[in-house]
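Here is what each chain is made of, one letter per residue.
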Amino acid sequence: MPEILITGATGLVGMHVAFDLTAAGHAVRLLCRPGSNRAMLEKVFAFYSPDFKKQLALIEWFEGDILDIYSLEDAMEGIRDVYHAAALVSFVPADRDRMLKSNIEGTANIMNAAMYCGVRKVCHVSSIAALGKRDDGGLIDEEVYWKNAPSNSWYAISKYGGEREAWRAAEEGLDVVIVNPGFIIGPGDSTRSSLALFGTVKNGMNWYTPGITGYVDVRDVSAAMIRLVKSDVSNQRFIMSAENLDYRTVINAMNAVFGKKPAGKKLSPFVGGIAWRAEKLLAALAGRTPRITRETAAAAQEQNRFSGEKIKKILAGFSYRPVAEAISDAGRFYNS
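Rules used throughout
Residues numbered from 1 in each chain as written. Predicted model: local features only at pLDDT ≥ 70, side-chain atom pairs only at ≥ 80, totals over all residues. Heavy atoms only, no water. Disulfide = S-S within 2.5 Å. Phe/Tyr/Trp six-rings, centres within 6.5 Å; stacked < 30°, edge-to-face > 60°. Helix = DSSP H or I, 4+ residues; strand = E, 2+ residues; numbered from the N terminus. Buried < 20%, exposed > 50% of the residue type's maximum accessible area, 1.4 Å probe, protein only. Lys NZ or Arg CZ within 6 Å of the ring centre and 35° of its normal. Pairing = 2+ DSSP bridges. Axes fitted to C-alpha atoms, helices over the stretch in contact; angles between N-to-C directions. Contact = heavy atoms within 4.5 Å. Parallel < 35°, antiparallel > 145°, perpendicular 65-115°, else oblique. Left-handed = near helix turned anticlockwise from the far one by under 90°. Nonpolar A, V, L, I, M, F, W, Y, C, P; charged D, E, K, R; others polar. Salt bridge = Lys/Arg side-chain N within 4 Å of Asp/Glu carboxyl O. Expected span 1.5 Å × (residues − 1).

**Structural notes on the state of the cysteines**
- Per the counting criterion, the structure on display carries 0 disulfides.
- With no disulfide partner, Cys 117 has as its closest neighbouring cysteine sulfur the one in Cys 32, 18 Å distant.

**Focus: the packing of aromatic side chains**
- Using the criterion set out here, one finds 11 aromatic pairs in the structure.
- Between the aromatic rings of Phe 47 and Phe 333, the centroid separation amounts to 5.3 Å while the plane-to-plane angle is 85°, which identifies the pairing as edge-to-face. Separated by 286 residues along the polypeptide, Phe 47 in helix α2 (residues 39-48) and Phe 333 in helix α13 (residues 323-335) bring together distant segments of the chain.
- A relative accessible area of 25% places Phe 47 in the partly exposed class.
- Relative to Tyr 334, the ring of Phe 198 lies with its centre 4.7 Å away and its plane at 25°, an arrangement referred to as stacked. Separated by 136 residues along the polypeptide, Phe 198 in helix α7 (residues 196-202) and Tyr 334 in helix α13 bring together distant segments of the chain. Exposure class is identical for Phe 198 and Tyr 334. Each is buried.
- By way of ring pairs, the aromatic residues Phe 19, Phe 45, Phe 47, Tyr 48, Phe 198, Phe 258, Phe 333 and Tyr 334 are connected into one cluster.
- Over the aromatic face of Phe 333 sits the side chain of Lys 43, whose NZ or CZ is 5.1 Å from the ring centroid.

**Re the sheet that holds strand β8 (residues 183-185)**
- Read across the open sheet, the 3 strands follow the order β8-β10-β12; overall the sheet is mixed. Two strands lie at the open edges of the sheet, namely β8 and β12 (243-246), each paired on one side alone. With direction set aside, neighbouring strand axes in the sheet form an average angle of 45°.
- Where strand β10 (residues 212-217) lies against β12, 4 bridges are found, and the strand directions are antiparallel. Each residue of the ladder has a partner; that of Gly 214, found in β12, is Asn 244.
- Contacts between helix α9 (residues 247-257) and the sheet are confined to β10 and β12, with β12 contributing the most and set at about 85° to the helix.

**Re the packing of helix α1 (residues 12-23) against helix α8 (residues 218-230)**
- Where α1 meets α8, the axes come as close as 9 Å, and the angle between the chain directions of the two elements is 60°. Taken together, the axes of α1 and α8 are oblique relative to one another. The crossing of α1 and α8 is right-handed. Contact residues: Leu 12, Val 13, His 16, Val 17, Asp 20 and Leu 21 in α1; Val 218, Arg 219, Val 221, Ser 222, Ala 223, Met 225 and Ile 226 in α8.
- When its residues are assigned to classes, the contact of α1 with α8 shows 9 nonpolar, 2 polar and 2 charged.

**Thoughts on the pattern of salt bridges**
- Tallied over the full model, the rule gives 17 salt bridges.
- With a shortest N-O distance of 2.7 Å, Asp 217 and Arg 219 are connected by a salt bridge.
- On the basis of relative accessible area, Asp 217 is assigned to the buried category, the value being 3%.
- The class for Arg 219 is buried, based on a relative accessible area of 19%.

**Some points on helix α5 (residues 96-117)**
- The first and last C-alpha atoms of α5 sit 31 Å apart over 22 residues, in line with the 32 Å expected at 1.5 Å per residue.
- Met 99, Leu 100, Ser 102, Asn 103, Gly 106, Thr 107, Ala 108, Asn 109, Ile 110, Met 111, Ala 113 and Ala 114 are the residues of α5 that are buried.
- Gly 118 occupies a position one or two residues after α5 and carries a positive phi of about 75°.

Have a look at this one:
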């Protein structure tokens, strides 16, 4: 019987945690909503290992929802450790209420069910979006705390709210660790969250913005999470960021992977403002979700730098893969 539960197992982080744990011989229980698409998990497993079917045999799928606490209590029966990677990522206003409910109330339900069921430890996947920002351009580390500001995206607000529920559970006695990954790179669904950039670049992207942020390979996030859960570390947060890079560097590394020309057009804040407004109108006329929103246009101009050094001090021998390697390896998946 599995003693490990993973939420968000059909998402980028969750499926990689599932891969690493099953590769080590652990049986895992994966929480999924009815009708969820499990095909991408099998595709990612097959990409990494020719013996992936042996690992799939160690998976027990459990239908439930993080907004249904009773299904969570059933899912956590006999569970020792929980990896909470389920989250809704969206910058579209129409998704706002659903995202706040999922990322805040859903995390509260996870923590409450874990305490009720006697779970030993929970690893909560947050985001660098839930951290504070620095006005001086210096490195953002775990000691830079959130400040309410009009510039905070609703996604950031939802992840900060989810973190508050994790810290609340820690105060009530639950053993909790939190990871705050930067922009995550890896094989997965190129229509979802950060991976959508791969899909956009593959289809052709000749523009860039001056923004800067932290990047990290999903394999490093998964490895750190598993080691943290197995360790004696508790009630701490860890930024996961290998390198701080400008968007032009990252986009052109992806362009190279797909055999595209380097991006040559710089998108200024003024042009970005025109772009998201035009996209909003076109999306409304076509009845589709806008590809650019006010929040994504603003975020693409921000220059934030993150320190991912704390995790290396806590976990002996831990190191990050270079971002260029992460992009190259993921590119083989998207080109296959």
